[in-house]
Amino acid sequence: MAKKKKPIIDVDIHERATYYDLVPYLDNPWAKYITDADWTQEKHLPYPIMGIDGLDRADAKSPDGRPAGNSLSFLQEQLLDGVGHEYGILTSAMDPSPSSMHGFYGMAEALAPALNDYEIENWLDKDDRLYGSVHIAAQNPQAAVREIERVGDHPKMVQILLPIDRTPWGDPYYHPIFEAAERHNLMIAMHHNEPPSYYGNYPRYFVEWHSVMPNTHMVQISSMIFNGVFEKYPNLKLMMLEAGFIYAPALMRKMDTQYKYLRHEVPWITEMPSETMKKHVKFSTQPVDELSKEEFEQFVELMGSDEMVCFSTDYPHWDYDSPHNALPKLDKDLEDKVFAENARSFYPKLQAVGGKVPL
Amino acid sequence: MKTVVCKQEELEPGNMIEAKLGPIPIVVCRTLDGEFYALANKCLHQGATLSKGMICGAAAPTDTPGEYDYIKEGEILRCPWHGIEYDIKNEGRMLADPQRKLKSFNVDIEEGNVVVSR
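Quick look at the structure, then. It should be emphasised that the depicted structure is a prediction, and the values quoted were computed from it without experimental measurement.

Comments concerning the overall build of chain A
No. 1: When its secondary structure is counted, chain A shows 14 helices and eight strands.
No. 2: Along the first, second and third principal axes, the C-alpha set of chain A runs to 60 × 55 × 50 Å.
No. 3: By residue count, 45% of the 359 residues in chain A fall in the buried class.
No. 4: Considering only residue pairs separated by 6 or more positions, chain A has 80% of its internal contacts joining residues 24 or more positions apart.

Okay, here's the thing in structure tokens:
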């Protein structure tokens, strides 16, 4: 008898829109900036991506020559069917965020709705297993809120993707975005994009930058916690994508200790930061650190909760994690939680829709 | 157990070809000096198919930070996912962790055919 496959909910899949894919969804002059002026986002990261095929797995180009992540049918073949996903959460490969706009915010405000419409029409409406992220131009919270109001009720939009940039997300400047998230039953996620890793700068080597990605995630979590975001928005939950999870226990202890010393500065905080994190923050596994089963369990034990870690592949990127080989073989209860149940409980809309394409 | 992979001239130096030795997926690599090597076609890290990666060279270990010396051109097999490097001519050892190596197989040329056996 065939062995029953474990359910997999993959919380970080990068479907790819080329700029030209977005042209039909853009008004002028924004469309013409792409078609006539060959506009592309300026990126900050100074290094080449060191994989064989740049940012992508070298085996993820579709047979018709389209770039990795651009073809739904090939993504279905190589990932969803090939692995056997129950659900996947799309996080795109484009970032209309402050870090890559340098003040050209009108373009970001045009791109975000175009990307959302592209995602709905070409991906969410075409595969029951795929769920989506609302992309926003974060530098303009009013425009971001308008976009959340426009597409946030789509049954398969489960979260808002927030860029990691210079202003940490606990800042009240951003709070209207959280209000909108709560109104639409959306969670929030942050994915590392190209943040500098120290004092606004980049280290000499990519391997340094890539090794300390958790730094920037810690800044965001600490900002959200100590600015009282989760007290103010009790239904809001945060998924931290693509820095792994083994930094979490250290951050939880550090914040609890500091809170005991410095509570007088943040009297709106009413419980230990680690307790807030257990209720409101989850972490994707990828890029997973190589751990034995015992080591994996120890990190989970130090977090004080086995409900905070969610599996992700980061497909089709070069540091993809295989659901079958990246993690040690875990006991069934923990395996079920990491590979599916923690993500299922994180996204209320995932539970509500249950994988049916909305009519 | 043995298998005929291809004709000798079908695999140019600097290229590789995937095949099976019985149930075992293998990759046959031809280095620039014309020699053939057969290795297990599965990365030791997460099992990616190595023949989807590339044959290239590598920066030699050095005592001097900032110094690069590219060596072994055509002798390094690099994984298509995380880019882990294996030394084809040195028993398929992982450059970053030479204690670990890919399983290797015998290659013979028989009547112009590349034949892999174990």
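Further notes follow.
Some points on the interface of chain A and chain B
One frequently used descriptor of interface size is the decrease in accessible area upon assembly of the parts.
No. 1: At the interface, 13 residues of chain A touch eleven residues of chain B.
No. 2: When the residues that make up the side of chain A that touches chain B are grouped by side-chain class, the tally is six nonpolar, three polar and four charged.

Structural notes on the sheet that holds strand β4 (residues 36-40) of chain B
All names here are of chain B.
No. 1: If you trace the six strands from one edge of the open sheet to the other, you get β1-β10-β9-β4-β3-β2, paired in antiparallel fashion. With one partner strand each, in any of the chains shown, β1 (2-7) and β2 (16-21) form the two edges of the open sheet. Between one strand axis and the next, the sheet turns by 30° as a mean value, whatever way the strands run.

Looking at the environment of I13 of chain A
Residues and elements named next belong to chain A.
No. 1: Relative to the elements of secondary structure, I13 occurs in strand β1 (residues 9-13).
No. 2: For I13 and P163, which are 150 residues apart along the polypeptide, the C-alpha to C-alpha distance reads 16 Å.
No. 3: What I13 contacts, discounting residues up to four positions off in sequence, is L79, G88, I89, L90, T91, T313 and Y315.

Some words on the pairing of strand β7 (residues 281-284) of chain A
Residue and element names in this part refer to chain A.
No. 1: The alternating pattern of β7 places V281 and F283 and K282 and S284 on opposite faces, both of which are buried.
No. 2: As paired elements, strand β6 (residues 238-241) and β7 share three bridges and run parallel to each other. Along β7, the bridge assignment pairs L238 with V281.
No. 3: Sheet topology note: the β7/strand β8 (residues 309-310) ladder contains two bridges and is parallel. Bridged to F283 within β8 is V309.
No. 4: With helix α12 (residues 293-303) bridging β7 and the parallel β8, this β-α-β connection has right-handed handedness.

Some points on the environment of A31 of chain A
Residue and element names in this part refer to chain A.
No. 1: With respect to the element layout, A31 can be found in helix α2 (residues 30-35).
No. 2: In sequence terms A31 and Y19 are twelve residues apart; their C-alpha atoms lie 9.0 Å from each other.
No. 3: Not counting the four nearest positions on each side in its chain, A31 is found in contact with V23 and L26.

Observations regarding the packing of helix α4 (residues 105-124) of chain A against helix α5 (residues 141-151) of chain A
Residue and element names in this part refer to chain A.
No. 1: At a minimum axis separation of 10 Å, α4 and α5 run at an interaxial angle of 15°. Considering the angle they form, α4 stands roughly parallel to α5. α5 is crossed by α4, and the crossing has right-handed handedness. Two secondary-structure elements touch here, α4 through E109, A112, P113 and N116 and α5 through A143, E147, R150 and V151.
No. 2: Its residues assigned to classes, the contact of α4 with α5 shows four nonpolar, one polar and three charged.

The rules we used
Residues numbered from 1 in each chain as written. Chains lettered and ligands numbered in written order. Predicted model: local features only at pLDDT ≥ 70, side-chain atom pairs only at ≥ 80, totals over all residues. Helix = DSSP H or I, 4+ residues; strand = E, 2+ residues; numbered from the N terminus. Buried ≥ 20, exposed ≤ 12 C-beta atoms within 10 Å, placed from the backbone. Contact = placed C-beta atoms within 7 Å. Nonpolar A, V, L, I, M, F, W, Y, C, P; charged D, E, K, R; others polar. Pairing = 2+ DSSP bridges. Axes fitted to C-alpha atoms, helices over the stretch in contact; angles between N-to-C directions. Right-handed = clockwise from strand over helix to strand, strands pointing away. Parallel < 35°, antiparallel > 145°, perpendicular 65-115°, else oblique. Left-handed = near helix turned anticlockwise from the far one by under 90°.

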